[in-house]
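# Understanding the architecture of this molecule
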Amino acid sequence: MGANDMGPVGQSIRRKEDSRFLQGSGQYTDDVVMPRQSYGFFLRSPHAHAKIRKIDTAAAKAAPGVVAVYTGDDLTGVNGLPCGWLITGTDSKPMNEPPHPVLAQGKVRHVGDPVALVVAESAHEAKDAAEAISVDYDVLPSVVNCVDALKAGAPQIHDGAPGNKCYTWALGDKAAVDAAFAKAAHVAKVDIVNNRLIPNAIEPRAVNASYNRAEQAYTLYVSNQNPHVERLLMTAFVLGLPETKVRVIAPDVGGGFGSKIYLYAEDVALVWASKQANRSIKWTCERGEAFVSDAHGRDHVTHAELACDKDGKFLAMRVITTANMGAYLSTFASCIPTILYATLLAGQYTTPVIYCEVTASFTNTVPVDAYRGAGRPEATYVVERLVHQAAVDMNIPQDEIRRRNFIRKFPYATPVALTYDTGNYDATLDEAMKMADVAGFAARKAESAKRGKLRGLGYSSYIEACGLAPSNVAGALGARAGLFEAGQVRVNPTGGVTIFTGSHSHGQGHETTFAQIVAGRLGIDMANIEVVHGDTGRIPFGMGTYGSRSLSVGGTAIVKALDKVIAKGRKVAAHVLEAAEADIEFKDGKFTVAGTDRSKAFAEIALAAYVPHNYPLDTLEPGLDETAFYDPTNFTYPAGTHICEVEIDPDTGLTQVLAFTACDDFGNIINPMIVEGQVHGGVAQGLGQALLESCVYDPDSGQLLSGSYMDYAMPRADDIPSIKVGTKVTPCTHNPLGAKGCGEAGAIGAPAAMMNAVHDALLGVGVKDIQMPASPHRVWRAIQSAKA
Amino acid sequence: MSVQLSLTVNGKAVKADVDERTLLVEYLRNQLALTGTHVGCDTGQCGACTVLVDGRAVKSCNMLAAQVNGGKVQTIEGLAAADGTLHPMQAAFKECHGLQCGFCTPGMVMSALDLVARHPNADEKKIREELEGNLCRCTGYQNIVRAVKTGAAAMAK
């Protein structure tokens, strides 16, 4: 199927969901009010690391409006939070998985660690009462840096993780890499800090949990990206409940970016407490609280080397990384700096051998997990900074060194466990260079120089592995869950169609994109299609939305269910039209007897299936409602080239992003407008990382210094330019939509493009090494140091 | 202590008794069930709670309900026509794909109305400067800027 021959598929249809969002009638978790509503507030640790000697809750329990106060001691029968991915170390031992209690048990390990839950008649009363709780802490020394945590004498955070080590893991042929380096004409080297980020979806996390005594069942509204996974982890691993007794609803969700994938302590505590207190309990995270409790992202320290022959052909890559896990293992923390990182180090290049070694450490910081891109931005940053450095060292143009090393034969098996099915990296590089007017750059640089400004151009030719994932591959790599997706197509008696998808939309526009697919396949009006997501009570199953998987995996599950609907429709049509099933064609919304003008509209066949007066009941069940589960056979591999142009004022160190161009290959595109919007947002987050954002902990006290929007620099409208977006299409070869995924590309490609541009701009003034974010202070100091 | 209020919200007169520390946004969301006005931070930085008070854009998390006594408040719920026709600014956000998750959107639209009232012919640079008080994590602002420009042009007709 091509992208443009199926009705609305390929069109920039305006979004169905926008009408409610634009009129204030979206329903986010904090908007939900339950019967017998009460409100929760979590008292959190003010210390990075401390023993709890005693907690006195008596005054809080007596405070006005208080329903209940719970501490870790009260949560009997509640297990700790699980990690969903087992990493086996180079020592062949499983990673260290110290307990992750729901409420602190005897010790707190980061600022923000939840210590007690207060439930009261109002949010104000819950907060007031929490102030009356007295906690006697014995403050311990803390460590926040992932490298420092591994040093001898560092404060020991968990009994179960000696030396604060979670694991050392490796991928690739070390001996072959060492041999290739020994023969190299040139070795490019970079030392990189991939700065820690705080996701900051604008809707803070929120929970509304209730318990129904008649049904002995819980209902949990939660701002979450994968309600079935939330339910599975909570019931099977933490609360020991049957899944049938917990309904998880993730209604409208105001952004996720990875931070709402996880099973959080607050979710579990509130579900548990709703039964204890026999009240519905709502908790909405305050922003200051989100900064110290939402899983953070990135935080790698890396030394990387690229061996080249005399022509700049890559011979081998060696990457040694330390990754910060934070104080506890969040749901998917362990796989981000390993499975989703080292496997991407081939990038778009034919580097024949690669070795990557990763040590993950525990620190007294908020847990770190997936944030938009998750491992792949970190990998791209390593690869593209190395490639840039090699080109500079060897005096080869940036586009030329990339072209000399591009993969051009597919399928291509990389030395780091993946097989790329398809791609055309020259096409996206060529187009990006045209769009960015690289030819005119020298003149623009000269013009900047006249004004005393430094202009630079940076490239990032990224690749990502999306459409997570083939379950068998994920399982072999340590995943403790499958990664398929479910889709159900319910054709209603009068022809309207309800789609139930296990994917979850928190801004991606699935209600529109999925409806376009269905309208295209069934030949019906989009207005007659409703897409339902985010409710374990209504949807067969789901693995949710992350890793740019919704269209390629979730969309394909819907296509498979549609195939079943059409197959059954043909049987019904054969009976109604008194023809052989083999002669029935389905096209343009009609079942037709081939070679005749005898046909029935889709809606007529749907009605016949539900009013089976004239129906082959002996061979066919009535009804038209089909479900499919789809497990992909491979990852998808979106790729592209991003080009960034910056101008730096050497007197102030201020970096301005003058232009940003993204040319991406996402495979077939269903809705170009939505795809372009995803690229805009991803690039903004990538530029945020490179230009502005940085999570900073005080190394002595372990306090979060960037704990509000006044201290953590979120990209604002006047910080970034309008970007140019282009696409090239090589369809994915292994899903029927030919789709690859687009949600993370911007955040993956942009940081390296911008930082390469900054390095290019500063090359002439002798600055060789600058880390993200390229803040004015940091750039100015680098310029001054180079002068000295 | 409670405070007695009387004000106009989306053209309707309302009276209420509120706890004196009640923020305007809490009053709108919890007592009037106008949940289109959102809370995204606690430092007046994100702008998701922006409403119009006496025609001026105000962050309703930074104002006590008591301060609006006697005033006129307009929220996102009060913009569309009675027959459901979107206000030109709302329509422009839809047309230009100026929203993704929708959470910052009501605040963005209300800020945009204030912006257009003061600068009906704002160019991209001006619009970007003026939207500095509203955070969006999804769109990269590009389509929001386009929407504000398109909405302003439609409002001028």
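Residues numbered from 1 in each chain as written. Chains lettered and ligands numbered in written order. Predicted model: local features only at pLDDT ≥ 70, side-chain atom pairs only at ≥ 80, totals over all residues.

## Notes on the overall build of chain B
Within chain B one finds five helices and five strands. Ordered by position in the sequence, the α and β elements of chain B form the string β-β-α-β-β-β-α-α-α-α. Against the 2.2 N^0.38 benchmark of 15 Å for 157 residues, chain B shows a C-alpha radius of gyration of 15 Å, consistent with a compact globule. Taking the principal axes of its C-alpha atoms as reference, chain B extends roughly 45 × 35 × 25 Å. For chain B, with 157 residues in total, the buried portion stands at 57%. Across chain B, every contact between residues at least 6 apart in sequence was considered, and the portion connecting residues at least 24 apart equals 59%. (Helix = DSSP H or I, 4+ residues; strand = E, 2+ residues; numbered from the N terminus. Rg over C-alpha atoms; globule rule 2.2 N^0.38 Å. Buried ≥ 20, exposed ≤ 12 C-beta atoms within 10 Å, placed from the backbone. Contact = placed C-beta atoms within 7 Å.)

## Regarding the packing of helix 2 (residues 88-95) of chain B against helix 5 (residues 142-156) of chain B
Residue and element names in this part refer to chain B. Where helix 2 contacts helix 5, the two axes come as close as 8 Å, and the packing angle between them is 140°. Taken together, the axes of helix 2 and helix 5 are oblique relative to one another. Like other packed secondary-structure pairs, helix 2 and helix 5 cross with a definite hand, here right-handed. Contact with helix 2, carried on its side by Pro88, Met89, Ala91, Ala92, Phe93 and Glu95, involves Ala147, Thr150, Gly151, Ala154 and Met155 of helix 5 and no other residues of that element. (Axes fitted to C-alpha atoms, helices over the stretch in contact; angles between N-to-C directions. Parallel < 35°, antiparallel > 145°, perpendicular 65-115°, else oblique. Left-handed = near helix turned anticlockwise from the far one by under 90°.)

## Concerning the sheet that holds strand 18 (residues 454-463) of chain A
Residue and element names in this part refer to chain A. What the four strands build is an open sheet, ordered 18-26-27-28; its pairing is mixed. Single-partner strands in this sheet number two, and they are strand 18 and strand 28 (724-727). If you compare each strand with its neighbour and ignore which way they point, the axes differ by 15° on average. Looking at chain direction, strand 27 (residues 654-665) and strand 28 are connected through four bridges and run parallel. Bridged to threonine 661 within strand 28 is lysine 724. Across the sheet, helix 16 (residues 672-692) is in contact with strand 27 and strand 28; its angle to strand 27 comes to roughly 140°. (Pairing = 2+ DSSP bridges.)

## Things to note about the sheet that holds strand 8 (residues 186-194) of chain A
Backbone hydrogen bonds hold the strands of a sheet together, and the pairing may be parallel or antiparallel. Residues and elements named next belong to chain A. Pairing within the open sheet is mixed, and its five strands lie in the order 7-15-14-13-8. Lying at the two open borders of the sheet, with one neighbouring strand each, are strand 7 (165-172) and strand 8. Strand-to-strand twist of the sheet, defined as the mean angle between neighbouring strand axes without regard to direction, takes the value 10°. Relative to strand 15 (residues 353-362), strand 14 (residues 314-326) runs parallel, the two sharing ten bridges. Note that in strand 15 the partner of glycine 326 across the bridge is phenylalanine 362.

## Comments concerning the domain arrangement of chain B
Residue and element names in this part refer to chain B. The domains assigned to chain B are domain 1 (2-77) and domain 2 (88-156). Each of domain 1 and domain 2 has a C-alpha centre, and the two are 21 Å apart. Counting residues at the interface gives 15 residues for domain 1 and twelve residues for domain 2. Contributions of two or more residues to the side of domain 1 that touches domain 2 are made by strand 3 (50-53) and strand 4 (56-59). Per element, the largest residue contribution to the side of domain 1 that touches domain 2 is three residues, and it comes from strand 3. Within the side of domain 1 that touches domain 2, the residues separate by chemical class into seven nonpolar, seven polar and one charged. (Domains from an automatic or database assignment. Nonpolar A, V, L, I, M, F, W, Y, C, P; charged D, E, K, R; others polar.)

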